[in-house]
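Listed below, chain by chain, are the residues.
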Amino acid sequence: MNTSIPLLSIILFLPLAGAFLVTLFRSSGPKIANLVAVIFSFLSLITAIFLGIEGIGKGFSHIEEVNWIPSLGAAYRLGVDGISYIAVLLTTVLFMSSITFSTKTIGRKSEYMALFLLLETACLGVFMSLDLLLFYVFFEITLVGMYFIIAGWGHGNAKKAALMFFIYTLVGSLALLLALLGLYLNTDPHSFDMRVIIANPPTGWIGMAIFWGLLIAFAIKTPLFPFHSWLPLAHTKAPAAGSAILAGILLKLGAYGFIRFMLQMTPEAFRQYAWVVIIIAVISVIYGALVAMAQTDIKRMVAYTSINHMGYLAFGVAIAALQYDDSGVSALDGASLQIFSHGIVTGLLFLLCGSIQDRATTREMPALKGLLKAYPLLSGFFVLAASASLGLPGLAHFPAEFQIFLGGYAIYPWAVGVMLLGLVITSALYLRAIQGSFMGPMDSSVLKKMQDLNTSELLAFIPLIILIIMVGIFPDTILSFIHETTKAFMP
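These numbers come from a predicted model, not from an experiment.

1. Brief notes about the overall build of the chain
- Secondary structure assignment for the chain yields 20 helices and two strands.
- Against the globule reference of 23 Å for 491 residues, the chain gives a C-alpha radius of gyration of 21 Å, in line with a compact fold.
- If you line up the chain on its principal axes, its C-alpha atoms span 70 × 55 × 40 Å.
- The buried share of the chain, reckoned over its 491 residues, is 63%.
- In the chain, once contacts between residues fewer than 6 apart in sequence are set aside, the share between residues at least 24 apart is 82%.
- Split by element, the accessible area of the chain, about 16,900 Å² in all, is 70% carbon and sulfur.
- Charge-centre separation for the chain: the mean point of 25 positive side chains lies 13 Å from the mean point of 23 negative side chains.

Laid out in structure tokens, this is it:
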């Protein structure tokens, strides 16, 4: 059911309105900046939930369209299907938690909150856009917003990390721009409307060239091996909430691109070269897990596990490109659910790493000991999030990865077998981290303060904890939005 109320525009611009108010009242102090940012991020989340209650169609629904550049045919076109809706829901949830977490100690609060709210609008715009040009504008704003968050509020040599992030992703953006121009110019008549391009995707060598441009762009953004070099440094230097958004949302812009652009707009080329994506995905799974195993910095370890998990996701989409049957639907269901699951699980892990960093003089796991005795609540949350990340049944990652493996086993059983080894390595690295840093006698010499989680941290973490358990036990609460859309993808 669609209402005449422009719900998508309301969700999209509520954070931007909050950013404007935070900037307008910046002289009123950090408490007002906190209050405005939390209220507007919360209102955006409530409106997104209301949108789901109104109903999401299997195709694009809640369409909003206004002419923007008539001479080019570009328009302010918004719409959501089941896959983009769960990305919108994830964005509003994780931004609200990250903003609530940031109300405690961050300096230059007004600028920080305004940037975060601007970044939320940009991320929402990427997932809602049905116009290539509008999509690209929002995509680029996310790059700029995250650059300033890392450079302005990061740790240590943050400016170098921000610059590396900017240059790498800018190269991807240039490849994306060329691919989008190719899509526009090879649509007859020329159109930026994604619905028109999806209905008449380019074929032959043109479709193949566009596919490779999209693959480079989204493999850098996701990131997959060997395009991942910017990720560990950016995560290590970024503030905790910035890392949560970087892993939880910005990486999903690439994952979303795999589905919306490569799978829907270049299906013929994707089907022909799915084997390339599968090989890259399998290497990413094993490489991410092994390198994470070698880390001693707990935050850097979590960062490398993202490469591992994005490998599962890319594999699921590639299987859907090959199999137009129940196996393909299952793999795509799992990959789409992984967008949501990885967002809430890894977002929580990075916020918890921030809480550890606030309480200890180091993030080095060999030095951290006995955190469970010092901070039982923080430690309990970390153990639960780590258990979800390693794929424990009953928690959020399990139903996503199980469906990916189920769909992939029918056509690439060897790849599923190799990726299961990645699960074993991930389990080992998290168990080692838990045993080394949380168990045993407490070392008070590395602890700065003995207070367990405060109110703002609890308010930030509890919604994510509830979602991790809910998706694990009742995955259909999210899959019900996804499944009808993924079925409609298959010819």
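2. Observations regarding the layout of surface pockets
- Estimated volume of the largest pocket: approximately 270 Å³.
- If you trace the largest pocket, you find 19 residues lining it, with Leu263, Gln264, Ala488, Phe489 and Met490 closest to the centre.
- Those elements that place two or more of their residues in the lining of the largest pocket are helix H10 (240-265), helix H11 (267-272), helix H13 (298-322) and helix H20 (476-489).
- Looking at side-chain class alone, the lining of the largest pocket contains 13 nonpolar, three polar and three charged residues.

3. A few points about the nonpolar core
- Core analysis: the biggest nonpolar cluster contains 187 residues, and Leu250, Phe261, Phe270, Phe315 and Ile344 have the highest contact counts within it.
- Per-element accounting of this core gives the leading share, 18 residues, to H10.

4. A short note on helix H1 (residues 7-24)
- The end-to-end C-alpha separation of H1 is 25 Å, in line with the 26 Å expected for 18 residues at 1.5 Å each.
- The sharpest bend along H1 reaches about 35° and sits at Phe13, with the proline Pro15 one to four residues further on.
- Those residues of H1 that fall on the buried side of the exposure criterion are Leu7, Leu8, Ser9, Ile11, Leu12, Leu14, Pro15, Gly18, Ala19 and Val22.
- Buried residues belonging to H1 abut helix H2 (30-54), strand S1 (61-69), strand S2 (74-80), helix H3 (82-101), helix H4 (109-128) and helix H5 (132-153).

5. Here's the deal with the side chain of Gln295
- Among the structural elements, Gln295 can be located in the loop between helix H12 (274-293) and H13.
- Classification of Gln295 as buried rests on a relative accessible area of 12%.
- In this structure the side chain of Gln295 is engaged in a polar contact, spanning 2.9 Å, whose partner is the backbone oxygen of Val291.

6. Points about the UniProt feature "domain: NADH:quinone oxidoreductase/Mrp antiporter transmembrane" (unreviewed entry) in the chain
- Listed under "domain: NADH:quinone oxidoreductase/Mrp antiporter transmembrane" (unreviewed entry) in the UniProt record, and renumbered for this structure, are residues 129-425.
- Taken end to end, residues 129-425 has its terminal C-alpha atoms 38 Å apart, with 80% of it in helix and 0% in strand.

7. Concerning the packing of H10 against H13
- Put simply, H10 and H13 touch, their axes get as near as 11 Å, and they point 15° apart. Viewed along their axes, H10 and H13 adopt a mutual orientation that is roughly parallel. Where H10 crosses over H13, the two elements pack in a sense that is right-handed. Counted together, Ala240, Ser243, Ala247, Leu251, Lys252, Ala255, Phe258, Ile259 and Leu263 of H10 and Lys299, Ser306, Met310, Leu313, Ala314, Val317, Ala320 and Ala321 of H13 form the full contact between these two elements.

8. Let's talk about helix H14 (residues 326-359)
- Between its terminal C-alpha atoms H14 stretches 49 Å, which fits the 50 Å expected from 34 residues at 1.5 Å a residue.
- Its maximal kink placed at Gln338, H14 deviates by approximately 30°.
- Of all 34 residues that make up H14, 32 are buried, and the element is covered over most of its length.
- If you check the start of H14, you find a side-chain oxygen 3.0 Å away from the backbone N of Ser327, and it comes from Asp325.

9. Overview of the packing of aromatic side chains
- A complete count under the given rule lists 25 aromatic pairs for this structure.
- The interplanar angle of 75° and the centroid separation of 6.0 Å between the aromatic rings of Phe95 and Phe116 together place this pair among those described as edge-to-face. With a gap of 21 residues between them, Phe95 in helix H3 and Phe116 in helix H4 connect regions that are remote in the sequence.
- Judged by its relative accessible area of 0%, Phe95 is buried.
- Among the aromatic residues, those joined into a cluster by ring pairs are Phe95, Tyr112, Phe116 and Trp153.
- Just above the ring of Trp153 sits the side chain of Arg108; from NZ or CZ to the centre is 4.4 Å.
- It is Arg359 that lies over the ring of Tyr375; its NZ or CZ is 5.8 Å from the centre.

10. Thoughts on unusual backbone geometry
- Residue Pro223 is bonded to the preceding Thr222 through a cis peptide linkage, with omega at -15°.
- Counting through the fold element by element, Pro223 comes out in the loop between helix H8 (204-221) and helix H9 (230-237).
- Across the junction of Phe225 and Pro226, the peptide omega takes the value 5°, indicating a cis bond.
- In this structure, Pro226 sits in the loop between H8 and H9.

11. Some details on the pairing of S2
- Most of S2 sits inside the fold, with seven of its seven residues counted as buried.
- Across the two faces of S2 the burial is the same, with Ala74, Tyr76, Leu78 and Val80 and Ala75, Arg77 and Gly79 all buried.
- Sheet topology places S1 next to S2; six bridges connect them, and they run antiparallel. Its bridge partner lying in S2, Val66 is registered against Tyr76.

About the thresholds
Residues numbered from 1 in each chain as written. Predicted model: local features only at pLDDT ≥ 70, side-chain atom pairs only at ≥ 80, totals over all residues. Heavy atoms only, no water. Helix = DSSP H or I, 4+ residues; strand = E, 2+ residues; numbered from the N terminus. Rg over C-alpha atoms; globule rule 2.2 N^0.38 Å. Buried < 20%, exposed > 50% of the residue type's maximum accessible area, 1.4 Å probe, protein only. Contact = heavy atoms within 4.5 Å. Areas by Shrake-Rupley, 256 points an atom, 1.4 Å probe, with all protein chains shown as cover. Lys, Arg positive; Asp, Glu negative; His and termini not counted. Charge placed at Lys NZ, Arg CZ, Asp CG, Glu CD. 1 Å grid on protein atoms, 1.4 Å probe; cavity = no way out; pocket = protein on both sides within 12 Å on 5 of 7 lines; lining within 4 Å. Points joined across faces, edges and corners; volume = space filled by probe spheres on them. Nonpolar A, V, L, I, M, F, W, Y, C, P; charged D, E, K, R; others polar. Core = buried A, V, L, I, M, F, W, Y, C linked by side-chain atoms within 4.5 Å. Expected span 1.5 Å × (residues − 1). Bend = angle between axes of the 7 residues up to and from the residue. Polar contact = N/O pair within 3.5 Å; in protein donor to acceptor, adjacent residues only side chain to side chain. UniProt positions renumbered as here; feature names shortened; annotations may be inferred. Axes fitted to C-alpha atoms, helices over the stretch in contact; angles between N-to-C directions. Parallel < 35°, antiparallel > 145°, perpendicular 65-115°, else oblique. Left-handed = near helix turned anticlockwise from the far one by under 90°. Phe/Tyr/Trp six-rings, centres within 6.5 Å; stacked < 30°, edge-to-face > 60°. Lys NZ or Arg CZ within 6 Å of the ring centre and 35° of its normal. Pairing = 2+ DSSP bridges.

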